[in-house]
Amino acid sequence: MQSLSSNLFPNITIQIALFDRITNLDHVRSLLAKGDVEAALLDASFIVSSFQVLAAASKAFSHFKAGAMKTKNLHSEILFSLSPLKNISESFRKFGAKPDQPCLIVELLSTVSSEADKKKPSIHSVIEYGQSLSIDKLNEFQNREEIIKLYKVSKEELANAPLEVIVLNRIAVRDI
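This report concerns the structure included in the present document. Worth saying up front: this structure is predicted, and the values here are computed from it rather than measured. All chains use their own residue numbering, which begins from 1 and follows the written sequence. A pLDDT threshold of at least 70 governs which residues receive local features in this predicted model, and a stricter bar of 80 or more applies before side-chain atom pairs are shown or counted, although totals over entire chains, interfaces and linings include all residues. Side-chain metrics in this entry use all non-hydrogen atoms of the structure; hydrogen atoms and water are not considered.

Turning our attention to the overall build of the chain. Strands here mean DSSP runs of E at least two residues long; helices mean DSSP runs of H or I at least four residues long; both are numbered from the N terminus. For the chain, the helix and strand inventory stands at nine helices and five strands. Along its sequence from the N terminus, the chain presents helices and strands in the succession β-β-α-β-α-α-α-β-α-α-β-α-α-α. Residue burial is assigned from relative accessible area. The probe radius is 1.4 Å, only protein chains are included, and a residue is buried under 20% of its type maximum, exposed over 50%, and partly exposed in between. Considering the chain as a whole, with its 176 residues, one finds that 45% of them fall into the buried category. Taking as baseline every contact in the chain between residues at least 6 positions apart, the subset at least 24 positions apart corresponds to 72%. Surface summary for the chain: the accessible area is close to 9300 Å², and the carbon and sulfur share equals 52%. Every residue pair with non-hydrogen atoms within 4.5 Å of one another is taken to be in contact. Computed by Shrake-Rupley with a 1.4 Å probe, the accessible areas treat only the displayed protein chains as cover when residues are assessed.

Given below as structure tokens:
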């Protein structure tokens, strides 16, 4: 597990863990839908770096603080913030964990929690997984061609900047 933080939101810690597979994905999704656990389950094949996740989390938290979220909770806003798509359900389908995609990122946000949040179980206590992997292995799972297609990256852009920078720019300017 890797912990990330942003200078913009010093009270927030973003924890990211990479798993080769989650065997009880349907059960975990039902717990997330009911609000029994708090996390964002992401398809690792669309993630170019942990910094991409940090950028999306920072954007989601900015929306939360401004009262401008487009989704129901902060974790779904993170997932939506990763996407270049403006359709929420399409963003969830594309970036959300899939049963046929065994490599998943589980992202947790830790803040100064309310008493109700402190009583919720940790996502790690409810998932069943094959193997926990180092975040350094994240690039082994990315589908570069699909990322380029999804973010509509041109050959000219790739000739002038790394894919990570292009994706981060797309995340930053999507709402403008």
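Each pair of strands is called paired provided DSSP finds at least two bridges between the two strands. By the bridge criterion, five bridges tie strand 1 (residues 2-6) to strand 2 (residues 9-19) in an arrangement that is antiparallel. The partner of Q2 across the bridge, within strand 2, is I16. As consecutive antiparallel partners, strand 1 and strand 2 are separated by two residues.

Moving on, we come to the packing of aromatic side chains. The geometry of an aromatic ring pair is captured by two quantities: the separation of the ring centres and the angle between the planes. In summary, the pairing rule links any two rings of Phe, Tyr or Trp, Trp by its six-membered ring, whose centres are within 6.5 Å, and it sorts them by plane angle into stacked for under 30 degrees, edge-to-face for over 60 and tilted for everything else. Scanning all chains against the criterion turns up four aromatic pairs. Aromatic side chains F19 and Y129 sit 4.5 Å apart centroid to centroid with 50° between the ring planes, which places their arrangement in the tilted category. Placement of F19 in strand 2 and of Y129 in the loop between helix 6 (123-126) and strand 5 (132-133) is noted, with a sequence separation of 110 residues between them. Ring pairing ties together the aromatic residues F46, F95 and Y151, which thus form one cluster.

Fitted lines through C-alpha atoms give the axes, limited to the stretch in contact for helices. The angle between two N-to-C directions lies from 0 to 180 degrees. Helix 3 (residues 74-82) packs onto helix 2 (residues 50-66) with a crossing angle of 125° between their chain directions and a minimal axis gap of 8 Å. Taken together, the axes of helix 2 and helix 3 are oblique relative to one another. Where helix 2 crosses over helix 3, the two elements pack in a sense that is right-handed. Across the interface between the two elements, Q52, V53, A56, A57, K59, A60, F61, H63 and F64 of helix 2 pack against L74, E77, I78, S81 and L82 of helix 3. When residues are grouped by polarity, Ala, Val, Leu, Ile, Met, Phe, Trp, Tyr, Cys and Pro land in nonpolar, Asp, Glu, Lys and Arg in charged, and all others, Gly among them, in polar. Classifying every residue of the contact of helix 2 with helix 3 gives nine nonpolar, three polar and two charged. Between 65 and 115 degrees an angle is taken as roughly perpendicular, under 35 as roughly parallel, over 145 as roughly antiparallel, and anywhere else as oblique. By the definition used in this description, the sense in which the near helix is turned from the far one sets the handedness, with an anticlockwise turn below a right angle giving left-handed and a clockwise turn giving right-handed.

Oppositely charged side chains can pair when the atoms bearing their charge come close. Salt bridges are identified by distance alone: a Lys or Arg side-chain nitrogen within 4 Å of an Asp or Glu carboxyl oxygen. Under the definition given, this model contains five salt bridges. Between K98 and D43 there is a salt bridge, and its shortest N-O distance comes to 2.8 Å. Of the two residues, K98 sits in the loop between helix 4 (88-95) and strand 4 (104-110) while D43 sits in strand 3 (residues 40-43), which places them 55 residues apart along the sequence.

Within this scheme, the nonpolar core is defined by two criteria: the residues are buried Ala, Val, Leu, Ile, Met, Phe, Trp, Tyr or Cys, and they are joined through side-chain atoms within 4.5 Å. Grouped together as the largest cluster of nonpolar side chains are 36 residues, with contacts concentrated most on L42, I105 and Y151. Looking at this core, the elements that each hand over two or more residues are strand 2, strand 3, helix 2, helix 3, helix 7 (144-150) and helix 9 (163-173). Among the elements that make up this core, the one with the highest residue count is helix 2 (six residues). Among the nonpolar cores identified, the runner-up in size contains 14 residues, and F19, V28, L32 and I123 belong to it.

Turning our eyes to something else, we now look at helix 2. Taking 1.5 Å of rise per residue, 17 residues should cover 24 Å, and helix 2 covers 24 Å from first to last C-alpha, within 8% of that figure. Turning to helix 2, its buried residues are S50, Q52, V53, L54, A56, A57, S58, K59, A60, F61 and H63. Two N or O atoms form a polar contact when they lie within 3.5 Å of each other; inside protein one atom must be a possible hydrogen donor and the other a possible acceptor, and for residues adjacent in sequence the pair counts only when both atoms belong to side chains. You can read the cap of helix 2 off the contacts: a side-chain oxygen lies 3.3 Å from the backbone nitrogen of F51, and it is on S49. A positive backbone phi angle near 70° is found at G67, which sits one or two residues after helix 2. Under the convention used throughout, the expected extent of a helix is 1.5 Å for every residue step, that is, one less than its residue count.

The next thing to look at is the pairing of strand 2. Taken together, the two bridges between strand 2 and strand 5 define a ladder with antiparallel strand orientation. Paired with L18 across the strands is L133, a residue of strand 5.

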